[in-house]
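# Descriptive structure summary
Listed here are the chains, written in short residue letters.
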Amino acid sequence: MSLSESEQRFACTHELGHVPLHPDANTPFLTKYTYLSVDKYEIEANKFALELLIPDELLLEYQDCTIDQVARAIGYQKNLIALRMK
């Protein structure tokens, strides 16, 4: 699977987020071998990545735009932009 440059940046910073946020959690193991939900861990790692990749100053430039417009302009999925804007 080939990822765009913005998807690659997001994936790397997302995984980086797991290091300080979940140092003792093995989310692939939990997903494969247990019934425990890892959604909380994944959302936290997403938020970590989004804070690094989309600074407040950048969002201010698009304050009059819709989430769709921001997503198209900066190259991230709408659901990620919506999570970052919360």
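Report on the accompanying structure. (Residues numbered from 1 in each chain as written. Predicted model: local features only at pLDDT ≥ 70, side-chain atom pairs only at ≥ 80, totals over all residues. Heavy atoms only, no water.)

## Description of the overall build of the chain
Tallying secondary structure elements over the chain gives 6 helices and 0 strands in all. Listed by position from the N terminus, the elements making up the chain come as α-α-α-α-α-α. The dimensions of the chain, computed from C-alpha atoms along their principal axes, are 45 × 30 × 20 Å. Evaluated residue by residue, the chain yields a buried proportion of 29% over its 86 residues. A fraction of 56% describes how many contacts in the chain between residues 6 or more apart in sequence connect residues 24 or more apart. (Helix = DSSP H or I, 4+ residues; strand = E, 2+ residues; numbered from the N terminus. Buried < 20%, exposed > 50% of the residue type's maximum accessible area, 1.4 Å probe, protein only. Contact = heavy atoms within 4.5 Å.)

## Observations regarding the packing of aromatic side chains
Within the structure shown, the criterion is met by 1 aromatic pair. Centroid distance F29 to Y33: 5.1 Å. Interplanar angle 40°. Geometry classified as tilted. Here F29 pairs with Y33, and both are found in helix α2 (residues 27–33), just 4 residues apart, close to one helical turn. Overall, the relative accessible area of 42% leaves F29 in the partly exposed class. On the basis of relative accessible area, Y33 is assigned to the exposed category, the value being 55%. (Phe/Tyr/Trp six-rings, centres within 6.5 Å; stacked < 30°, edge-to-face > 60°.)

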